[in-house]
2 protein chains.
Amino acid sequence: MDYSSKLLARAVDEIAQLPGIGKRSALRLALHLLKQPQAQTQHLTEALMALRSEINFCAKCHNLSDQPLCEICANPKRDATILCVVEDIRDVMAIESTSQFKGLYHVLGGIISPMEGVGPNDLTLDALVQRVKEEGVNEIIFALSATVEADTTNFYMYKLLGPLGVKISVIARGIPVGDELEYTDALTLGRSIQSRLPYEEVLRE
Amino acid sequence: MDYSSKLLARAVDEIAQLPGIGKRSALRLALHLLKQPQAQTQHLTEALMALRSEINFCAKCHNLSDQPLCEICANPKRDATILCVVEDIRDVMAIESTSQFKGLYHVLGGIISPMEGVGPNDLTLDALVQRVKEEGVNEIIFALSATVEADTTNFYMYKLLGPLGVKISVIARGIPVGDELEYTDALTLGRSIQSRLPYEEVLRE
């Protein structure tokens, strides 16, 4: 498209780099900002830069946090002997909303996906192994989505953690295969945590 | 939703103020930025602030421009005796892409819409009248969308400009009624400009 302004073209290009936003939507958003008071653009850009430059990852579970330790890890009422392994922070929020889990989390920061160039070293797997070794963990729940990539990641973690003698379970496949965990309703998700299975049983299927 | 970070909650709130972006999409965008290098967030925010604080509106046609006068108005090859009145810059881009129009534009900056609180005084109508009086304009083409609000705006402009003795035409309704101008394909849009009608004829229908 032929923009009459280089400033506009640059803003549209930058916005269109965000996932799920094409050039036309980007143009619409840019023109929307131009119609609003300058303060709105300023608040938006300040919030984004503050998020990107100031946010911490919890030193224990790698959840996003404004403190060195996130609220869940810092809560003495949570059961530190059971770890729930999830892909990212949205999954923590989804599981917390079910009120079915009182243990701690471990946020992988992704799942193994050769298609997208994500390998085991891009995830927080070393930190997970270390936690299991040092923090008296009795059980680990694999709570990833029901996708092929998640299955691969589960199997990789099982090979890694199995030798440590910790109980490994996987949330029940109440989640429709191919769906993303974060879009599952709280009832289904809560039930899938309650009816988790030993990983060996799942492997046998 | 219960965010583990106030920085994240603030960024999500700001992103979700953009039109067509809900809280869930905003969260997805925020987490995407966190996974990318900090430079990407910086480029995005700098481009948005530069756009909002540095951009000019062309002193003649009110198109967006980095210069006091936009490229179209500054081009001596364009026919200054014919003005095409459009709602916003996206419509200029859509009409330019048809290569069917060699005159100049006038960007209203909106259309009259009591529902959205947009009245005649919010548009660049005074400047339009002044241009017609001072710049030797022979013909004005109304090139708004085919909506009720656009009809209202056309009629308002007709009452305003009719007494000035200038020829007033309206682009042909090749545009499906109720559709937005910017989504019309270039062929249909080009034809609608060629087969424009005197506004009096349209009134008689």
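Data block above holds the structure.
Nothing here was measured: the structure is a model prediction, and the numbers come from that model.

Chemist: What's the story with helix H3 (residues 38–54) of chain A in this structure? I'm lost.
Modeler: Each α-helix turn comprises 3.6 residues. Residues three or four places apart therefore point the same way. The terminal C-alpha atoms of H3(A), which comprises 17 residues, lie 24 Å apart, in line with the 24 Å expected from a rise of 1.5 Å per residue. Every buried residue of H3(A) is accounted for by A:Gln40, A:Thr41, A:Leu44, A:Thr45, A:Ala47, A:Leu48, A:Ala50, A:Leu51 and A:Arg52. Buried-residue contacts for H3(A) involve helix H2 (23–35) of chain A together with helix H1 (6–15), helix H2 (23–35) and helix H3 (38–54) of chain B.

Chemist: Mind showing me how you'd approach the nonpolar core here?
Modeler: Judged by nonpolar contacts, the single largest core of 50 residues is most densely connected at A:Leu8 and B:Leu8. The set of elements that each furnish at least two residues to this core consists of helix H1 (6–15), H2, H3 and helix H4 (89–96) of chain A together with H1, H2, H3 and helix H5 (89–96) of chain B. Beyond its immediate stretch of four places on either side in the chain, B:Leu8 contacts A:Leu51, A:Ile55, A:Leu64, A:Ile89, B:Tyr3, B:Leu27, B:Ala30 and B:Leu31.

Chemist: Would you mind showing me how to read the interface of chain B and chain A here?
Modeler: When the parts of a complex come together, some accessible area is lost, and that lost area is often taken as the interface size. Contacts between the two partners involve 56 residues from chain B and, on the opposite side, 56 residues from chain A. Of the roughly 5600 Å² buried between chain B and chain A on both sides combined, carbon and sulfur atoms contribute 67%. Considering only the side of chain B, the residues that lose the most area to chain A are B:Leu7, B:Leu34 and B:Arg52, jointly responsible for 12% of the buried surface there. Inspection of the region where chain B meets chain A yields nine residue pairs in polar contact (both at pLDDT 80 or more). Contributing elements (two or more residues each) for the side of chain B that touches chain A: H1, H2, H3, strand S2 (64–65) and H5 of chain B. The element that contributes the greatest number of residues to the side of chain B that touches chain A is H3(B), accounting for 16 residues. A class-by-class count of the residues in the side of chain B that touches chain A yields 27 nonpolar, 15 polar and 14 charged.

Chemist: Could you clarify how one ought to interpret the relation of the copies chain B and chain A in this entry?
Modeler: Its rotation angle being 179°, the transformation that places chain B on chain A also includes 0.0 Å of axial translation and leaves an RMSD of 0.1 Å. This pairing of chains is accounted for by a two-fold axis. No C-alpha of chain B approaches the rotation axis more nearly than that of B:Thr45, which lies at 2.5 Å. Of the interface residues in chain B, 100% have counterparts in chain A that sit at the interface too, so the contact is made through matching surfaces.

Chemist: I would appreciate a short explanation of helix H8 (residues 186–194) of chain B in the present structure.
Modeler: Residues and elements named next belong to chain B. Turning to H8, its buried residues number three or more, namely Leu 189, Gly 190, Ser 192 and Ile 193. Down the axis of H8, the smallest arc covering the buried residues is 160°, so these residues share one side. Facing away from the buried side of H8 by more than 90 degrees, the exposed set consists of Leu 187, Arg 191 and Gln 194. Residues of H8 that are buried make contact with H5.

Chemist: What should I look at first to understand the pattern of salt bridges in this one?
Modeler: A pair can form between side chains of opposite charge whenever their charged atoms are brought close. Counting across every chain of the model gives ten salt bridges over all chains. One salt bridge in this structure joins A:Lys167 and A:Glu139, with 3.9 Å as the shortest N-O distance. Taken as a pair, A:Lys167 in strand S6 (residues 167–170) and A:Glu139 in strand S5 (residues 139–142) lie far apart in primary sequence, 28 residues in all. The class for A:Lys167 is exposed, based on a relative accessible area of 51%. Judged by relative accessible area, which is 9%, A:Glu139 ranks as buried. Between B:Arg90 and B:Asp88 there is a salt bridge whose closest N-O contact spans 3.0 Å. As far as the burial class goes, B:Arg90 and B:Asp88 line up, both buried.

Chemist: Explain the side chain of A:His106 to me, please; I cannot follow it from the model alone.
Modeler: Residue and element names in this part refer to chain A. Relative to the helices and strands, His 106 resides in strand S4 (residues 103–107). Given the relative accessible area of 0%, His 106 is considered buried. There is a polar contact of 2.9 Å between the side chain of His 106 and the backbone oxygen of Thr 124. Only 3.1 Å separates the side chain of His 106 from the side chain of Arg 131, close enough to count as a polar contact.

Chemist: Would you mind going over the packing of H3(A) against H2(B) with me for this structure?
Modeler: Geometrically, a packed helix pair is captured by the angle between its two axes and the distance between the axes. Axis separation between H3(A) and H2(B) bottoms out at 9 Å; the angle between their running directions is 45°. Comparing the axis directions of H3(A) and H2(B) gives the class oblique. In this structure, H3(A) meets H2(B) at a crossing whose hand is right-handed. Taken together, the residues of H2(B) that come into contact with H3(A) (itself represented by A:Leu48, A:Leu51 and A:Arg52) are B:Ala30, B:Leu33 and B:Leu34. Residues belonging to the contact of H3(A) with H2(B) are distributed by class as follows: five nonpolar, no polar and one charged.

Chemist: Hey, could you run me through the pairing of strand S4 (residues 103–107) of chain B in this one?
Modeler: For a regular strand, the rule is simple: side chains alternate between the two faces of the sheet. Of all five residues that make up S4(B), five are buried, and the element is covered over most of its length. Read as a crossover between parallel neighbours, the route from strand S3 (residues 79–86) of chain B over H5(B) to S4(B) is right-handed.

Chemist: Looking at this structure, how should I read the sheet that holds S3(B)?
Modeler: Backbone-to-backbone hydrogen bonds pair the strands of a sheet. The strands run either parallel or antiparallel. Residues and elements named next belong to chain B. Across the sheet, five strands lie side by side as S4-S3-S5-S6-S7; this open sheet has mixed pairing. A strand with exactly one partner marks an edge of an open sheet, and here the two such strands are S4 and strand S7 (197–198). In the sheet, S3 pairs with strand S5 (residues 139–142) via four bridges, with the strands oriented parallel. Within S5, the residue paired with Val 85 across the bridge is Phe 142.

Reading the values: the criteria
- Residue positions are given per chain, counted from 1 along the sequence in the order it is written.
- A letter from A marks each chain and a number from 1 marks each ligand, given out in the order of writing.
- Reporting of local features is limited, given that this is a predicted model, to residues whose pLDDT is at least 70; pairs of side-chain atoms are given and counted only at 80 or more, and all residues count toward the totals for whole chains, interfaces and linings.
- In computing side-chain properties, one takes all heavy atoms of the structure into account and sets aside hydrogens as well as water.
- Helix and strand labels come from DSSP, where a helix needs a run of H or I of at least four residues and a strand needs a run of E of at least two; each type is numbered from the N terminus.
- One less than the residue count of a helix, multiplied by 1.5 Å, gives the span that helix is expected to have.
- For every residue, the accessible area (1.4 Å probe, protein chains only) is compared with the maximum for its type, and the residue is labelled buried under 20%, exposed over 50%, or partly exposed between those bounds.
- Note on contacts: a residue pair is in contact if any heavy atoms of the two residues lie within 4.5 Å.
- As used here, the term nonpolar core means buried Ala, Val, Leu, Ile, Met, Phe, Trp, Tyr and Cys residues forming a set that is joined through side-chain atoms within 4.5 Å.
- Accessible area that two parts lose when put together, with a 1.4 Å probe and added across both, is what the buried area reports.
- What qualifies as a polar contact is a pair of N or O atoms within 3.5 Å, subject to a donor-acceptor requirement within protein and to the restriction that residues adjacent in sequence count only when both atoms come from side chains.
- Only Asp, Glu, Lys and Arg are considered charged, only Ala, Val, Leu, Ile, Met, Phe, Trp, Tyr, Cys and Pro nonpolar, and every remaining residue, Gly among them, polar.
- Each copy is superposed on the other by least squares, with the fit set by C-alpha atoms of residues at a pLDDT of at least 70 in both.
- Taking the helix axis as origin, the arc is that swept by the directions to the C-beta atoms.
- Each salt bridge in this description consists of a side-chain nitrogen of Lys or Arg and a carboxyl oxygen of Asp or Glu lying within 4 Å of one another.
- The axes are straight lines fitted to the C-alpha atoms, using for helices just the contacting stretch, and the angles between their N-to-C directions are given from 0 to 180°.
- For classification purposes, angles smaller than 35 degrees are called roughly parallel, those larger than 145 roughly antiparallel, those between 65 and 115 roughly perpendicular, and all remaining angles oblique.
- Note: crossing handedness is left-handed where the near helix turns anticlockwise from the far helix by less than a right angle, and right-handed where it turns clockwise.
- The crossover handedness rule: strands pointing away from the viewer, path from first strand over the helix to second strand clockwise, crossover right-handed.
- Pairing between strands is defined by DSSP: at least two bridges between the two strands are required.

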